[in-house]
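Residue strings, one per chain:
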Amino acid sequence: MLLLNVTLENFGAYKGKQSLELATRPGRPVILIGGLNGCGKTTLLDAIQLALYGARSRTSGRGARSYDDYLRDSVNRQVNPKHARVVVEFSTTVEGQERRYKVVRSWEVKGKSVREFLNVLIDGELDLVVSEQWADYVEDLLPLEASSLFFFDGEKIESLANPERAASVIASAVQSLLGLSSVERLRTDLLAVQRRQKVSKEDQRALDEIHNIENQIRATDELCDEINQRVASKTSELEAAERRFASIEAASAKEGGDLYLRRSELEAERSQITSQLNSVNEVLASTLAAGPLPLLLLAPQLSSIRDQVEKERRAIEAAQVINVLSERDQELLALLKDVVPADSLAIAEKHLTADREQRASIVTEIPHALNFPSESLPKLNSLDEILRQEASRARELVEEAQQHRERLSVLERQLAGVPDHEVIAALLKERDAQRDEVTRLRAELDGCKEELAITRRRREQLMLDRERAYKGRAAKLAKVEDAERIVTYADRVRATMEKFGAALLQRHISKLEVAVLKSFQHLMRKSTLVSDLHIDPEKFTITLVGPDDQQLDPSRLSAGERQLLAVSLLWGLAKVAGNRLPSVIDTPLGRLDSRHREHLVDRYFPHASHQVLLLSTDEEIDEYLLSKLKPSIAHTYTLVHDDQAFTTSIEPGYWWTGGTAHVA
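Residues numbered from 1 in each chain as written. Predicted model: local features only at pLDDT ≥ 70, side-chain atom pairs only at ≥ 80, totals over all residues. Heavy atoms only, no water.

Thoughts on the overall build of the protein chain
Per the secondary structure count, the protein chain includes 17 helices and 15 strands. Out of the 664 residues in the protein chain, the part that is buried amounts to 39%. Sequence separation of at least 24 residues holds for 73% of the intrachain contacts in the protein chain that already meet a minimum separation of 6. (Helix = DSSP H or I, 4+ residues; strand = E, 2+ residues; numbered from the N terminus. Buried < 20%, exposed > 50% of the residue type's maximum accessible area, 1.4 Å probe, protein only. Contact = heavy atoms within 4.5 Å.)

Written as structure tokens, this is what we have:
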């Protein structure tokens, strides 16, 4: 597992959005984060745990408060509206494939309510299923019980040197990290399997159930036979009733029964058609005949009038032209008199006079009989279009009237064929009664068929129940042997698992003793202070052995030595577990002298994990220790606190690195 980025937004003293890039490089596993006391180093550690574990996180500032109260108090006081967010990005290997996770936990405060949201992105894609089940999912990546081995406060790990506290940590780590919890869970599951194996002694009850089902099957078969007989009887009755109805209906039709039933309908239609015919005749008589339509009888006369009006118009126009031409000719001859010879002038005068006489002859040939005004001609021309429209409408109305007359003729013939009530009434009553009988019989037949279908489905279900009952009895008989065999073998497996768990525990304890002792001696300034170390496999208490092979009381160790012992315990557990998990260490050198600090910087921090986050004050990792740690550092950051605004910002670089985020 490799932490890639941590982002805090309005969380605690961190106002606004603050981010740290945490990816490391080979040979440079350390990310150094500096900050004075009260600047927010522990808050940063809490943010990582809160993002991963939510309400189950073991943050330093929660205390006995409820989770909602903790979230409400964790929002930066200067932010309005009240909302905060923590984001942790990391990569890890799942089923042989490296996956990138982004855990986004946010919340908002509205009045007394707190709403929390959690989204988990895998390889950049939001996974709703993992988001909903994250509390269980994260246990497979980094169990909560094991997180204290990798996310810890250096000032508090001294308490791990206390035998009782160390015993609980060792027990928890051995169970969660070294696989013993799986062994114990398997033994518990086997016990549950044993308890579920109840040998059945109810074979007689199974036989009684089978007999009961068979009796129901026989009763159902008898019911099916009875219903089949009823279906056959109703079918015969229905067929006879239908034949009788067909015979009566044919006789009724022959006597005009259909017409008798339709008499009211035919009379209503006759009344309607008569009304429509009267309406059409009224339109023809009062509207069309009173309009211009009669002029169609004078079509030739109208055509002659139009021609005469046209001729008289042309004659009037010709007379007007002759007067104009006479004046023009006089002016033209006067102009030519002085410029052309006399003989040529006489020829021109003769030609112009002949032209006027020819035009005048046209005027005299046309008699002025009508003397219509000139604007009457367009009205005469438009009269033709009006007469065509009126003629078309008249033809449509005449055709409609003809259709109505033909339909009235048909209706009169049909009404004439309607029989008298005395002749047909008895026959119609008999037909209606027979129709009701057919309807009743058909409904009874349908009911019988539906009852038969239900009974058959019931029989099929009983057959299935009997088959299951036979199989169930056979399974119960076989289950007796299986249950006895399962109980016997489960006892053997539980005994074997108990021995295996004890052997596995002893093996891990032995490896842990060696790893913790080597780590402690590697870190101690006085390497001969502790010559051996033992861990009780039942109580998980630690016993130290001095150079004189006598038990060494932990109280004889200094505060710094006890802190190194706690670090060695954590380091040894991580080595034995073999998990590639990051280590996040807050205030790691608080109570150590200079030699022990130098040992931690030289021997522990560069090798504690493939990724080590150090949250340090300027007095812990000072300029000298920074120079020794520098070859192992991938990133440096400083937490800068504004005492006026009470907010913290994350700046690249450390106190003595020149303000750069990366150490060369």
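Considering the side chain of Thr648
For Thr648, the location among the structural elements is in strand E15 (residues 647–652). Those residues in contact with Thr648 that lie beyond four places of it in its chain are Ala13, Tyr14, Lys15, Gln18, Cys39, Leu639, Val640 and His641.

Some points on the pattern of salt bridges
Under the counting rule described, the total for this entry stands at 20 salt bridges. A salt bridge links Glu89 to Arg100; its shortest N-O distance comes to 3.0 Å. Of this pair, Glu89 sits in strand E4 (residues 82–94) while Arg100 is found in strand E5 (residues 97–110), placing the two residues 11 residues apart along the sequence. By relative accessible area, which is 14% here, Glu89 ends up buried. Across the pair Arg457 and Glu450 runs a salt bridge, and its minimum N-O distance is 3.9 Å. Each of Lys234, Glu437, Arg440 and Glu444 takes part in a single network of salt bridges with overlapping partners. (Salt bridge = Lys/Arg side-chain N within 4 Å of Asp/Glu carboxyl O.)

Quick look at the sheet that holds strand E7 (residues 125–126)
Strand order in the open sheet made by the 6 strands is E2-E1-E4-E5-E6-E7, with antiparallel pairing throughout. Of all the strands in the sheet, just strand E2 (14–21) and E7 have a single pairing partner and so form its edges. Across the sheet, helix H2 (residues 67–74) is in contact with strand E1 (2–11), E5 and strand E6 (113–122); its angle to E6 comes to roughly 85°. (Pairing = 2+ DSSP bridges. Axes fitted to C-alpha atoms, helices over the stretch in contact; angles between N-to-C directions.)

Let's talk about unusual backbone geometry
Of note, the bond from Asn80 into Pro81 is cis; its omega dihedral lies within 30 degrees of zero at 5°. Locating Pro81 in the fold gives a position in the loop between H2 and E4. The backbone of Glu95 sits at a positive phi, close to 55°, despite the residue not being glycine. Mapped onto the fold, Glu95 is located in the loop between E4 and E5. Taking the relative accessible area as the measure of exposure, Glu95 reaches 81% and is therefore exposed.

Considering the packing of aromatic side chains
Within this structure, the stated rule accounts for 8 aromatic pairs. On the numbers, 5.8 Å between centres and 25° between planes, the contact of Trp134 with Tyr137 is stacked. Of this pair, Trp134 and Tyr137 are both found in helix H4 (residues 134–141), 3 residues apart, which corresponds to roughly one turn of the helix. Overall, Trp134 belongs to the buried group, its relative accessible area being 2%. By relative accessible area, which is 26% here, Tyr137 ends up partly exposed. Judged by centre distance (4.9 Å) and plane angle (70°), the ring pair of Tyr654 and Trp655 falls under edge-to-face. Judged by relative accessible area, Tyr654 falls into the buried class, the value being 3%. Members of the aromatic cluster, joined through ring pairs, are Phe90, Tyr101, Trp134 and Tyr137. (Phe/Tyr/Trp six-rings, centres within 6.5 Å; stacked < 30°, edge-to-face > 60°.)

Overview of the nonpolar core
For soluble globular proteins, nonpolar side chains are generally found buried alongside one another. Ranked by internal contacts, the top residues of the largest apolar core, which has 50 residues, are Leu3, Phe90, Trp107 and Trp134. The biggest single contributor to this core is helix H1 (residues 41–53), with 8 residues. Look past the residues within four positions of Trp134 in its chain and what remains in contact with it is Ala51, Leu52, Phe90, Tyr101, Val103, Arg105, Leu118, Val120 and Leu141. Residues Ala167, Leu529, Phe540 and Leu629 belong to the second largest nonpolar core, which totals 46 residues. (Core = buried A, V, L, I, M, F, W, Y, C linked by side-chain atoms within 4.5 Å.)

Details of the pairing of E6
Of the strand pairs in this sheet, E5 and E6 are connected by 10 bridges, and their pairing is antiparallel. In the strand pairing of E6, Trp107 is matched with Glu116. Remark: 2 residues form the turn of the hairpin made by E5 and E6, two consecutive strands paired antiparallel; Gly111 in that turn has positive phi of roughly 65°. Between E6 and E7, which pair antiparallel one after the other, the connecting turn spans 2 residues, and Asp123 there sits at a positive phi close to 55°.

So, the packing of helix H15 (residues 559–577) against helix H16 (residues 594–604)
With their axes 11 Å apart at the nearest point, H15 and H16 run at an angle of 15° to one another. With respect to their mutual orientation, H15 and H16 come out roughly parallel. For the pair H15 and H16, the sense of crossing is right-handed. Along its contact with H15, which presents Glu561, Leu564, Val567 and Trp571, the element H16 presents His596, Leu600, Arg603 and Tyr604. A class-by-class count of the residues in the contact of H15 with H16 yields 5 nonpolar, 1 polar and 2 charged. (Parallel < 35°, antiparallel > 145°, perpendicular 65-115°, else oblique. Left-handed = near helix turned anticlockwise from the far one by under 90°. Nonpolar A, V, L, I, M, F, W, Y, C, P; charged D, E, K, R; others polar.)

Quick look at H4
Taken together, the buried positions of H4 are Trp134, Val138 and Leu141. The buried side chains of H4 occupy one side of the element, clustering within an arc of 45° when seen end-on. In H4, the exposed residues that point more than 90 degrees away from the buried face are Asp136 and Asp140. Buried residues along H4 sit in contact with H1, E4, E5, E6 and helix H3 (128–132). (Arc of directions from axis to C-beta.)

So, a nonpolar patch on the surface
Residues Leu36, Trp655 and Trp656 make up a contiguous nonpolar surface patch of roughly 270 Å² in combined accessible area. Mapped onto the fold, Leu36 is located in the loop between strand E3 (30–35) and H1. Note on Leu36: relative accessible area 41%, which makes it partly exposed. (Patch = residues over 30% accessible without salt bridge, like charges linked within 9 Å, V, L, I, M, F, W, Y side chains within 5 Å. Areas by Shrake-Rupley, 256 points an atom, 1.4 Å probe, with all protein chains shown as cover.)

A short note on the pairing of strand E10 (residues 542–545)
When strand E9 (residues 532–535) meets E10, the two strands line up antiparallel, connected through 4 bridges. Residue pairing for E10: Leu533 is matched across the bridge by Leu544.

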